Amino acid sequence: MSSAVGDLVSQPYKYGFVTDIETEKIAKGLSEDVVRLISAKKEEPDFLLQFRLRAYRQWLRMREPDWAALGYPKIDYQDIIYYAAPKEREKKQSLDEVDPLLLETFDKLGIPLSEQKRLSNVAVDAVFDSVSIATTYKEKLAEHGVIFGSISDAVREHPELIERYLGTVVPSNDNFFAALNSAVFSDGSFVFIPRGVVCPMELSTYFRINSGDTGQFERTLIVAEEGASVSYLEGCTAPMFDTNQLHAAVVELVALDDASIKYSTVQNWYAGDENGVGGIYNFVTKRGHCRGDRSRISWTQVETGSAITWKYPSCVLQGVDSVGEFYSVALTNHRQQADTGTKMIHVGPRSRSTIVSKGISAGHSSNSYRGLVQIAPQAVGARNYSQCDSMLIGDQAAANTYPYIRCQQSNASIEHEASTSRISADQLFYLQSRGIGFEEAVSMMVSGFCRDVFNQLPMEFAAEADKLLSLKLEGSVG
Amino acid sequence: MIRSEAPVLLEIRGLHARVEDQPILHGVDLTLRAGEIHAVMGRNGSGKSTLSKVLAGHPAYTVTAGSVLYRGDDLLALEPEQRARLGLFLGFQYPIEIPGVSNLEFLRVATNARRQARGEEELDTFAFEDLVRERLQVVQMDPAFLDRSVNEGFSGGEKKRNEILQMALLEPLVAILDETDSGLDIDALRIVAGGVNHLAGPDNATLLITHYQRLLDAITPDFVHVMAAGRILRTGGKELALELEERGYDWVDEELARWQPTPVEVA
């Protein structure tokens, strides 16, 4: 393979700036007192404090998982700040009261929040460090009965919904990072689509890490009642620090009878530099529960950032005829490591799932697909189709596929296809010999490879994702 | 037919090249003028395909000596994509498959790169579809191939037609066709040759690389060059091809044996 392709170096990260804003932080370290302090600061009802405390005590007894194909130095959980928030003048009532510096930050990230500039068909919840700072179109959505905003607001305004659904998909003792999140989560988004409502616009949360020594622990909960449907997109960026920041989020989705939730992620956390210094450690638990019959949950993720990615957006297909989907593109470059995939747990009769995973590894990175397809005894007629493709760029990158299949029902069908390819010098030469530049040739082939997944993204973001990938590989080849 | 006053498009002088550590070209001299069709014939391993790859700029080949001028400029200093944009075209012997990249999109990007270099306006998807449908006639290709991935699952003949379609869209000044006849049945050969004849004109030059006469029955060359051991051993008119057909290549070996090997110059 030509060294030209091997020398893939990514374009400088363009979201690497830090916003200089006064922040309220608590002292480093984690203890029961810290958990109580976080809960108190957020003036939470007792059920939530108890939820946190239970999670904390469970976490203390748990061990950090070590089964993933990831290598990183031990995380010192006492060296992390568990709560940071931009100092606010009182609780903001409207955007005019949000610190202009924050609005400017989101402007710079391409997420304008102000009335005049905001995206016309997407409602945005902007989360800065641990706190949601603004949500657009809240009122318009409320007219349809849709609740969209920060989970903290929801705890105050709709505690009964939070109490009913929080932790029902990802229990607080699900895993080490989920337990940690359950104990200390600061903010995140809450979406509630009432019975029969088709959400009139795309919903989106944009997560921005700003502080260098703060962990980010968001919690997102999306509930679609009977016959409701929603499409939700999550985006993320962080400044460039030479230290690593921990990001341990939990996302729970609940779909009742005939409901449908489409959850898309474009993850562009800072990935560290070409030597692997700095970057986000991304340990995320995402799970959807197809609780109702004929319900449908679809995960689409484009993972391009983070130094470490540990993430398996999953579906528990409990309803009869329920449908789970997972479409993923994971791009790793330099020293990035990703261990990502999904779990499809079939419980409901005739439940169906589709997995399409595309891994691209360049530089010295390592990219693993890890997926579980489980068919329970009662899931008569369940079907799964999985396709896992890996593409290698250069000769120093690694791609692994770890499919796990557990089937306890003889009347079920499971298909798994996997392929590994490499961008060959001859393919590149062919495109070049037709006047197409080297970088454009690489990016044409990469986006061709990812097309099946990009087609699943909401329109506005498909082009974004394509651009993002080219950007990551741009400048790259010399 | 032969206009020695026509402008020189490609001038190859003393070209030496190697792939990895293996020297293959040992001093090739060749001049292509506008309006000319040249055929380079020779056995497998004589360096014909290497010559075409070197001219197109394949990164695996290293030029160790000699020069190539394209319309008076140093061709070897250019990246492969620059050569293509300026009007050099290589029709591949084995066109490679590129899964996931749509043929139509590929053709459009390539055509626009060439148009841009010529100072022409880029074509949007609609204008390009009109153009490509017109050019499909040249090779009698089924439009369904536009919706597939580049060359993916194409038969040998379809791949070659796709090559000539690209040539029809890119309107090159110098077209090098490497074994375009290989793997074609008689009908496909007729169509492909018809396409090449259609595209050959007074302002461009064509370099056919082949080792069979049958392509030259369909496309009449102005010059035939016999290549052996990395050089051009003999040059003649179209009758030289007939002579090869009759006598085979054995006389080439005899002639070659009488040659004194010239030392390879190192750049």
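Small disclaimer: the values here were computed from a predicted structure and weren't measured.

### Focus: the overall build of chain B
Scanning chain B for helices and strands turns up nine helices and twelve strands. Relative to its full complement of 267 residues, chain B shows a buried share of 45%. Looking at chain B alone, contacts between residues at least 24 apart form 73% of all its contacts between residues at least 6 apart.

### Looking at the sheet that holds strand E1 (residues 8-19) of chain B
Strands belonging to one sheet form pairs held by backbone hydrogen bonds; the direction of such a pair is parallel or antiparallel. Residue and element names in this part refer to chain B. Spatially, four strands are ordered E2-E1-E4-E5 in an open sheet, and the strand pairing comes out antiparallel. The strands lining the two open edges of the sheet, one partner per strand, are strand E2 (22-33) and strand E5 (73-74). Across two bridges, the pairing between strand E4 (residues 61-70) and E5 is antiparallel. In the sheet register, tyrosine 70 faces E5, and the bridge partner there is aspartate 73.

### Considering the nonpolar core
Ranked by internal contacts, the top residues of the largest apolar core, which has 207 residues, are Ala126, Val191, Ala224 and Val230 of chain A together with Val174 and Ile176 of chain B. With ten residues, the top contributor of residues to this core is helix H10 (residues 438-454) of chain A.

### Some thoughts on the sheet that holds strand E9 (residues 174-178) of chain B
Residue and element names in this part refer to chain B. Strands sit in the order E6-E9-E10-E3-E11-E12 across an open sheet of six strands; the sheet is mixed. In the strand order of this sheet, the two ends are held by strand E6 (88-91) and strand E12 (231-236), each with one partner. Between one strand axis and the next, the sheet turns by 20° as a mean value, whatever way the strands run. As judged from the four bridges shared by E6 and E9, these two strands associate in the parallel manner. Residue leucine 88 lies in a different strand from E9, and its bridge partner there is valine 174. The strands touched by helix H5 (residues 156-170) are E6 and E9; relative to E6, the strand with the most contacts, the crossing angle is about 170°. Contacts between helix H8 (residues 238-247) and the sheet are confined to strand E3 (37-41), strand E11 (223-228) and E12, with E11 contributing the most and set at about 45° to the helix.

### Observations concerning the interface of chain B and chain A
Contact residues are listed per partner, giving 20 residues for chain B and 18 residues for chain A. Classifying every residue of the side of chain B that touches chain A by side-chain character gives 14 nonpolar, three polar and three charged.

### Remarks on the environment of isoleucine 147 of chain A
If you trace the backbone, isoleucine 147 of chain A turns up in strand E5 (residues 147-150). The spacing of isoleucine 147 of chain A and glutamate 439 of chain A is 292 residues in sequence and 44 Å in space, taken between C-alpha atoms.

### Points about the pairing of strand E17 (residues 323-332) of chain A
Residues and elements named next belong to chain A. Across the ten residues that make up E17, a large majority, ten, are buried. The alternating pattern of E17 places Val323, Glu325, Tyr327, Val329 and Leu331 on one face and Gly324, Phe326, Ser328, Ala330 and Thr332 on the opposite face, and all of these are buried. Sheet topology note: the strand E14 (residues 296-303)/E17 ladder contains eight bridges and is parallel. Its bridge partner being in E17, threonine 300 is matched across the sheet by tyrosine 327. As paired strands, E17 and strand E19 (residues 352-361) are joined by ten bridges and run parallel to one another. Bridge assignment links valine 323 to a residue of E19, and that residue is arginine 352.

### Some words on the confidence of the model for chain B
Close reading of the predicted structure is inappropriate where its pLDDT is low. Overall, the predicted model of chain B reaches an average pLDDT of 91, with 95% of residues at or above 70. Interface confidence in the predicted complex, given as ipTM, is 0.93; pTM for the same model is 0.80.

### Brief notes about the pairing of strand E20 (residues 366-375) of chain A
All names here are of chain A. Most of E20 sits out of view: nine of its ten residues are buried. Alignment of strand E18 (residues 337-346) against E20, held across ten bridges, turns out to be parallel. Directly across from glycine 341, in E20, lies its bridge partner arginine 370. Across ten bridges, the pairing between E20 and strand E22 (residues 398-407) is parallel.

### A word on helix H4 (residues 125-139) of chain B
Residue and element names in this part refer to chain B. With 15 residues, H4 should cover 21 Å at 1.5 Å per step; its first-to-last C-alpha distance of 21 Å lies within 8% of that length. In this structure, the buried side of H4 is in contact with helix H3 (103-117), H5 and helix H6 (186-199). The first or second residue beyond H4 is glutamine 140, which carries a positive phi of 50°.

### Looking at the packing of helix H3 (residues 46-60) of chain A against helix H8 (residues 176-184) of chain A
Residue and element names in this part refer to chain A. Put simply, H3 and H8 touch, their axes get as near as 7 Å, and they point 145° apart. The interaxial crossing formed by H3 with H8 has left-handed handedness. On the side of H3, the interface is formed by Phe51, Arg52, Ala55, Tyr56, Gln58 and Trp59, while H8 contributes Phe176, Ala179, Leu180, Ser182 and Ala183. Partitioned by chemical class, the residues of the contact of H3 with H8 number eight nonpolar, two polar and one charged.

Reading the values: the criteria
Residues numbered from 1 in each chain as written. Chains lettered and ligands numbered in written order. Predicted model: local features only at pLDDT ≥ 70, side-chain atom pairs only at ≥ 80, totals over all residues. Helix = DSSP H or I, 4+ residues; strand = E, 2+ residues; numbered from the N terminus. Buried ≥ 20, exposed ≤ 12 C-beta atoms within 10 Å, placed from the backbone. Contact = placed C-beta atoms within 7 Å. Pairing = 2+ DSSP bridges. Core = buried A, V, L, I, M, F, W, Y, C linked by C-beta atoms within 7 Å. Axes fitted to C-alpha atoms, helices over the stretch in contact; angles between N-to-C directions. Nonpolar A, V, L, I, M, F, W, Y, C, P; charged D, E, K, R; others polar. pLDDT = per-residue confidence, 0-100. Expected span 1.5 Å × (residues − 1). Left-handed = near helix turned anticlockwise from the far one by under 90°.

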